[in-house]
Amino acid sequence: MSDKISKIIIVGGGTAGWMAAATLSHMLSGLDYDITLIESEQIGTVGVGEATIPPILLFNEMLGIDENEFIKETQATFKLGIEFVNWKKLDHSYIHPFGDFGIDFDVRPFHQHWLSQRAKGMGRDLFDYSLMVQACHNERFMRPLRDQPKSALAGINYAFQFDAGLYAKFLRKYSERLGIKRIEGKIDSVKQHSETGFIQSVTTDDSRVFDGDLFIDCSGFRGLLIEQTLETGYDDWSKWLPCDRAVAIPCEKIAEPIPYTRATAHEAGWQWRIPLQHRTGNGHVYCSSYMDSDKATDILLANIDGKPIAEPNHLRFVTGRRKKAWNKNVIALGLAAGFMEPLESTSIHLVQTGLARIMSHFPHEDISQADIDSFNERTEKEYERVRDFLVLHYNATERDDSEFWRYCQNIERPESLERRINQFAEHGRILSESNDLFGTASWLAVMYGQGITPKSYDPIVDKADPQKVNGVMEQIYQAINNGAKSMPTHMEFIDKNCRAEIIS
Amino acid sequence: MTIKSIAIIGSSIEAWLPAAYIRARLPSAYKISIIETSKSKDENRLIARPNSKDMHALLQFSEADLGQHAQAKPLLAATINADIALPFGRYGLDRDGAEFQHLWRRIYPDTPIQNINLFNLSLALQKAALFIPQAPQGMPSYDYGYDLSTNGYLSMLKQAAKDVLNLEAKKLEVHHDSGKISAIDCGDTHIQADLYIDATRDGHVSNIISTLMDNWHGNCLSICRNFDETDHKNGIRLYRLQIAMERLIALWPDTSFAPSELNEYNRLANAEQEHIRDMNALLAHDKKEMSNRKALQRKIAVFESRGRIANEDYEIFSKSEWIAALAAANISPASYDRLADRADEHDLKQWIKQLEQAIGQYVHMMGQRTIKSSPQSHGNVTTDGNIISNISGLVK
């Protein structure tokens, strides 16, 4: 490769493909690039409902998207956290909220004061100190009061739940406005350079040839370019995350949507519930070694709210990541780069950060191995951190009521997760690590929610008078409680700001 | 069991900073002893990097105090030698989503990389022996640290430490059992403590209880065993102590000394040490050492390829400091970030020229004003050592 990168081919539409198209068309506007997206209507996308995490706000902001318009067009709802039902044990639930617990004071983290109070038999349950949890319980929502930093309502942190198909359409419209070319076609063959192995062109089944300098592979699980052509290889993480099947089905909504996603653990996996404005997305992720697809479908159908509005969509996957997300002149995004079950709604986020990394490593006159190595190293770390967080949910459980859960209890933890659990189990410490996707509050919510109880707490917090600390904590609770009560309901907020048109 | 007593073994800043820091963070019920080892010849001056401000706020050292007691001079860059200074401020201004070094490289592809230093306002001001606390709007921003008198600063630390039992080490006999120190015989007295902080530069005490190179073993934490002479010049000597204390407080142990917490301290300290070694190898332009350092090699390769600075986990030095060090080693990017092509070439060239002129004119203007305003000043650090208050009035 010696010519300037000028032709970019995105292979595959769907969420990842259109996120890539939108980002590249926006970021590279004003430069002489020819960007083409090739997708086939014959190939379905995986997208069902999609739940996101708060960094999606930055993505929308970067693209200059009007949030209310985006919500209307994707039938979206707001999301303040994820409820985990039956994960720690049967008949137990907790919410992993977006946003902090309480507020740090006396130069120690809030949760250390809470642990100290708890050891003395004082204070409330941890989740009482989360505004987002209180808002979830009361089905309330509003955007944060950023101009009132002292208000409890300044700390509202949110994301969205939306229809992935509509999201792809929304981004397609955005990208085409900026000059992206969309080609309807199924890729039939791929031509590589005889010496370098770089991809030179792709040919569709109607014999159209598309040359490219850089290819973004968003072709899904199969990895048309990154794997089928370049044979990059895949790190299989099934030993840590054994679920390998999912069955998805949308259903009619029977009540107003709630501002959180629900993940309910079953006998050999878990079920998602993503409430949208027009319907509810459902799916059952399970492990085929412990359950067959018929039983998985029966369990799903027995646990959805309303009448199904489509046939069950069965998916197979192997949890893990491509050994190199960037290989030669191909960069894989989305399912082509790796797969981790949507337990913490990280799929779209990983596409988003992949795109940010593409922009910060964007090739110029040629493709530099140093950039490729740097990109791949960062991608690997990011995937590993998400993996650790997901493994935590399965491994830290009291459930032993099925073979699957007994297996999960005995999963050998990755070293990085073992370290974090041990630190928490000792003195309740949660130390942020660089490039952490999940912050202190997330680790705290899930470690505590899953039943890991620290033996002790940070000895330094004992320097404060416990009664005074109790007083401060009660004030924090009252501020949070009053704040949550003062918020409009989720549907009141949507009705007022971003109600979508009713579609069938 | 809670830690109640701490013994610090060492001398100078290394011993007294931990005492002052712990005293500021923990209740006075903690008993702190310092066993002062031989007072070897120390550097007269000490560099405090900009991020020392948080620590100084904790220790209640105001800028006026630092000026009065430690003869503080503000510092916009750490001078390594006549050819290299690591700036505490940015290179140029970003534009159209591209960082300045890419824009500059696009316009000046063949110019020696060192010329980029003309676009660093903190370097320009420092070279002209000028100090303005804050960059004016529309100019490359910067922060500042201090050049301190070691003795003056040490006196401040001693005062801040309060109620410390200070013993002279006539000898240093470490009694230990099963990887833990049980007592230290320093000649006149046996000192027993729950936690021992080894503040000797050669890790004298911790080496006795363990042959491993980790910093924390059992009840003994070594905080400066990997001291390098370059650490004086780039401000790492003080900064390393500061982060050692921040980390210790974040992981404050009880007498069980949980291995998970000690391991975490060591993991972070080791990562930090590697970054420091990378920078020191680059600054020394020690080619053999540079070639042995994988992360440094990667950093160099990424910079050479397209002028990007790859941020590593637990990075110590800023992007600007890395650019300065790489430029000083004559490592040049072959290309630049494609986003730098967004701007019209002619327009970009004009913009860069204007920026260069603006920096030059600003420095010249400030030099004139300073001389007019304060004829007795040295640069604009007045001879009475009262640094900031006199200077801030110059920028109007």
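Residues numbered from 1 in each chain as written. Chains lettered and ligands numbered in written order. Predicted model: local features only at pLDDT ≥ 70, side-chain atom pairs only at ≥ 80, totals over all residues. Heavy atoms only, no water.

S.K.: Which parts of the structure should I look at to understand the packing of helix 9 (residues 236-250) of chain B against helix 10 (residues 259-284) of chain B?
M.R.: Relative orientation and spacing of two packed helices are given, respectively, by the angle between their axes and the distance between those axes. All names here are of chain B. Helix 10 packs onto helix 9 with a crossing angle of 165° between their chain directions and a minimal axis gap of 11 Å. Relative to helix 10, the element helix 9 lies roughly antiparallel. The handedness of the crossing between helix 9 and helix 10 comes out as right-handed. Taken together, the residues of helix 10 that come into contact with helix 9 (itself represented by Ile236, Arg240, Ile243, Ala244, Arg247 and Leu248) are Tyr265, Leu268, Ala269, Glu272, Gln273 and Ile276. Its residues placed into classes, the contact of helix 9 with helix 10 shows eight nonpolar, one polar and three charged. (Axes fitted to C-alpha atoms, helices over the stretch in contact; angles between N-to-C directions. Helix = DSSP H or I, 4+ residues; strand = E, 2+ residues; numbered from the N terminus. Parallel < 35°, antiparallel > 145°, perpendicular 65-115°, else oblique. Left-handed = near helix turned anticlockwise from the far one by under 90°. Contact = heavy atoms within 4.5 Å. Nonpolar A, V, L, I, M, F, W, Y, C, P; charged D, E, K, R; others polar.)

S.K.: Hey, could you run me through the interface of chain A and chain B in this one?
M.R.: Interfaces are often sized by the accessible area lost when the parts come together. Taken together, the contact between chain A and chain B spans 43 residues of the former and 33 residues of the latter. Summed over both sides, the interface between chain A and chain B buries roughly 3,200 Å², with carbon and sulfur atoms accounting for 46% of that surface. Joining chain A to chain B, the criterion identifies nine salt bridges. A salt bridge links Arg429 of chain A to Glu261 of chain B, with the shortest nitrogen-to-oxygen separation between them at 3.1 Å. Along the contact surface separating chain A from chain B lie 25 residue pairs in polar contact (both at pLDDT 80 or more). Among the elements that take part in the side of chain A that touches chain B, helix 9 (residues 369-395) of chain A stands out by supplying seven residues, more than any other. The residue inventory of the side of chain A that touches chain B, partitioned by class, reads 14 nonpolar, 13 polar and 16 charged. (Buried area = accessible area lost by both parts, 1.4 Å probe. Salt bridge = Lys/Arg side-chain N within 4 Å of Asp/Glu carboxyl O. Polar contact = N/O pair within 3.5 Å; in protein donor to acceptor, adjacent residues only side chain to side chain.)

S.K.: Whenever I open this one, the packing of helix 1 (residues 12-25) of chain B against helix 9 of chain B confuses me. Can you help?
M.R.: Residues and elements named next belong to chain B. Packing of helix 1 against helix 9 leaves a shortest axis separation of 10 Å and a crossing angle of 35°. In the packing of helix 1 onto helix 9, the handedness of the crossing is right-handed. From helix 1, Ser12, Ile13, Glu14, Leu17, Pro18, Tyr21, Ile22 and Arg25 reach across to helix 9, where they touch Arg237, Leu238, Leu241, Gln242, Met245, Glu246, Leu248 and Ile249.

S.K.: Would you explain the domain arrangement of chain B in this entry?
M.R.: All names here are of chain B. Assigned domains of chain B: these are domain 1 (5-64 + 149-256) and domain 2 (83-142 + 279-390). For the domain 1 and domain 2 pair, buried surface summed over both sides reaches about 790 Å², with 61% attributable to carbon and sulfur atoms. On the domain 1 side of the contact with domain 2, Arg49, Glu63 and Asn234 bury the most area, a combined 48% of that side's loss. In this structure, the connection of domain 1 to domain 2 is made through one salt bridge. Across the salt bridge formed by Arg49 and Glu321, the nearest N and O atoms sit 2.8 Å from each other. The tally of links between domain 1 and domain 2 comes to three residue pairs in polar contact (both at pLDDT 80 or more). Elements that contribute at least two residues to the side of domain 1 that touches domain 2 include exactly helix 8 (230-233) and helix 9. For the side of domain 1 that touches domain 2, the leading source of residues is helix 9, giving three residues. Counted by class, the side of domain 1 that touches domain 2 contains four nonpolar, two polar and four charged residues. (Domains from an automatic or database assignment.)

S.K.: Sorry if this is basic, but what is going on with the packing of aromatic side chains here?
M.R.: For any pair of aromatic rings, the description consists of the separation of the ring centres together with the inter-plane angle of the planes. Throughout the structure, instances matching the rule amount to 45 aromatic pairs over all chains. Seen from their ring centres, Phe317 of chain A and Phe339 of chain A are 4.3 Å apart, and the 40° between their planes marks the pair as tilted. On the criterion of sequence distance, the pair formed by Phe317 of chain A in the loop between strand 18 (313-316) and strand 19 (320-322) and Phe339 of chain A in strand 22 (residues 338-339) is long-range, its members being 22 residues apart. Each member of the pair, Phe317 of chain A as well as Phe339 of chain A, is classed as buried. Positioned above the aromatic ring of Trp237 of chain A is the side chain of Arg387 of chain A, whose terminal nitrogen or guanidinium carbon lies 4.8 Å from the ring centre. When the ring centre of Tyr239 of chain B is taken as origin, the NZ or CZ atom of Arg49 of chain B, which lies over that ring, is 5.8 Å away. (Phe/Tyr/Trp six-rings, centres within 6.5 Å; stacked < 30°, edge-to-face > 60°. Buried < 20%, exposed > 50% of the residue type's maximum accessible area, 1.4 Å probe, protein only. Lys NZ or Arg CZ within 6 Å of the ring centre and 35° of its normal.)

S.K.: In this structure, what is going on with the confidence of the model for chain B? I would like to understand it.
M.R.: Close reading of the predicted structure is inappropriate where its pLDDT is low. All names here are of chain B. The pLDDT averaged across chain B works out to 89; a share of 93% of its residues lies at or above 70. Helix 15 (residues 388-392) is the least confidently modelled element of chain B, averaging 35 in pLDDT, while helix 13 (residues 319-328) averages 97, the highest of any element. The low-confidence segment residues 371-396, where pLDDT is below 50, has 42 contacts with residues more than four positions distant or belonging to other chains. Interface confidence for the predicted complex, expressed as ipTM, amounts to 0.81; the pTM equals 0.89. (pLDDT = per-residue confidence, 0-100.)

S.K.: Hey, could you run me through helix 6 (residues 164-177) of chain A in this one?
M.R.: Since the α-helix packs 3.6 residues into each turn, any two residues three or four apart lie on the same face. All names here are of chain A. End to end, helix 6 covers 20 Å across 14 residues, agreeing with the expected 20 Å (1.5 Å per residue, within 8%). All of the buried residues in helix 6 are Ala164, Leu166, Tyr167, Ala168, Phe170, Leu171, Tyr174 and Ser175. One side-chain oxygen of the residue at the start of helix 6 lies 2.8 Å from the amide nitrogen of Gly165, identifying that residue as Asp163. Phi turns positive one or two residues past the end of helix 6, at Gly179, with a value near 100°. (Expected span 1.5 Å × (residues − 1).)

S.K.: Mind showing me how you'd approach the sheet that holds strand 3 (residues 45-48) of chain B here?
M.R.: Sheet strands pair by backbone hydrogen bonding; their relative direction is either parallel or antiparallel. Residue and element names in this part refer to chain B. As summarised here, the arrangement of the three strands in space is 3-7-4, forming an open sheet in which the pairing is antiparallel. Either end of the sheet is taken by a strand with one partner, and the two such strands are strand 3 and strand 4 (73-75). Ignoring which end each strand starts from, the neighbouring axes of this sheet average 30° apart. Pairing of strand 3 with strand 7 (residues 145-149), which is carried by four bridges, proceeds in the antiparallel orientation. Paired with Leu46 across the strands is Leu148, a residue of strand 7. (Pairing = 2+ DSSP bridges.)

S.K.: What should I look at first to understand unusual backbone geometry in this one?
M.R.: A negative phi holds for most residues other than glycine; trans holds for most peptide bonds. Positive phi, normally seen in glycine, also occurs at Ser207 of chain A, with a value near 70°. By the element assignment, Ser207 of chain A lies in the loop between strand 10 (199-204) and strand 11 (209-211). Unlike most non-glycine residues, Ala129 of chain B shows phi in positive territory, near 55°. Take Ala129 of chain B: it is sitting in the loop between helix 5 (121-127) and strand 7. The exposure class of Ala129 of chain B is partly exposed, given its relative accessible area of 43%.

S.K.: Hey, could you run me through the nonpolar core in this one?
M.R.: Where a protein is soluble and globular, its nonpolar side chains tend to be buried together. In terms of nonpolar packing, the biggest core is built from 278 residues, with Ile216 and Tyr394 of chain A together with Tyr153 and Trp252 of chain B touching the most fellow members. Each of domain 1 (5-64 + 149-256) and domain 2 (83-142 + 279-390) of chain B contributes no fewer than three residues to this core. With residues up to four places along the chain from it excluded, the contact list for Tyr394 of chain A reads Trp87, Leu241, Cys243, Trp270, Glu341, Leu343, Phe404, Trp405, Cys408, Gln409 and Ile411 of chain A. If you look at the next biggest cluster of nonpolar residues, it comprises 15 residues, including Ala7, Ile9, Ile181 and Ala193 of chain B. (Core = buried A, V, L, I, M, F, W, Y, C linked by side-chain atoms within 4.5 Å.)

S.K.: What is the right way to read the sheet that holds strand 21 (residues 330-332) of chain A from this model?
M.R.: Residues and elements named next belong to chain A. With respect to topology, six strands assemble into an open sheet ordered 8-2-1-12-21-20, the strand pairing being mixed. With one partner strand each, in any of the chains shown, strand 8 (181-184) and strand 20 (326-327) form the two edges of the open sheet. The pairing of strand 20 with strand 21 spans two bridges and is classified as antiparallel. Paired with Trp326 across the two strands is Ile331, which belongs to strand 21. Most of the contacts of helix 1 (residues 14-27) go to strand 2 (residues 34-39), to which it runs at about 170°, and overall it touches strand 1 (7-11), strand 2, strand 8 and strand 12 (214-217).

S.K.: Is there a simple way to explain empty space enclosed by the protein in this structure?
M.R.: Which parts of space are left empty comes out when a probe the size of a water molecule is rolled across the atoms. Summed over the entire model, instances satisfying the criterion amount to seven cavities of 30 Å³ or more. Taken as a whole, the largest cavity encloses approximately 100 Å³ of empty space. Here the lining of the largest cavity takes four residues from helix 10 of chain B, the largest share from any one element. Taken together, the residues of the lining of the largest cavity sort by class into five nonpolar, four polar and four charged. In this structure, the second largest cavity encloses a volume near 50 Å³. Taken together, Ala325, Ala332, Leu333, Gly334, Ala337, Leu350, Val351, Gly354, Arg357, Phe375, Thr379 and Tyr383 of chain A make up the full set of residues lining the second largest cavity. Among the secondary structure elements, those contributing two or more residues to the lining of the second largest cavity are helix 8 (347-360) and helix 9 of chain A. Residue contributions to the lining of the second largest cavity peak at four residues, all from helix 8 of chain A. Across the lining of the second largest cavity, the residue classes break down as eight nonpolar, three polar and one charged. (1 Å grid on protein atoms, 1.4 Å probe; cavity = no way out; pocket = protein on both sides within 12 Å on 5 of 7 lines; lining within 4 Å. Points joined across faces, edges and corners; volume = space filled by probe spheres on them.)

S.K.: Whenever I open this one, the pattern of salt bridges confuses me. Can you help?
M.R.: Side chains carrying opposite charge are able to pair once their charged atoms draw close together. Under the counting rule described, the total for this entry stands at 67 salt bridges over all chains. A salt bridge links Arg124 of chain A to Glu474 of chain A; its shortest N-O distance comes to 2.7 Å. Of the two residues, Arg124 of chain A sits in the loop between helix 4 (110-119) and helix 5 (131-137) while Glu474 of chain A sits in helix 13 (residues 466-486), which places them 350 residues apart along the sequence. Among the salt bridges present, the one from Arg90 of chain B reaches Asp94 of chain B, with a minimum N-O distance of 2.7 Å. A relative accessible area of 38% places Arg90 of chain B in the partly exposed class.

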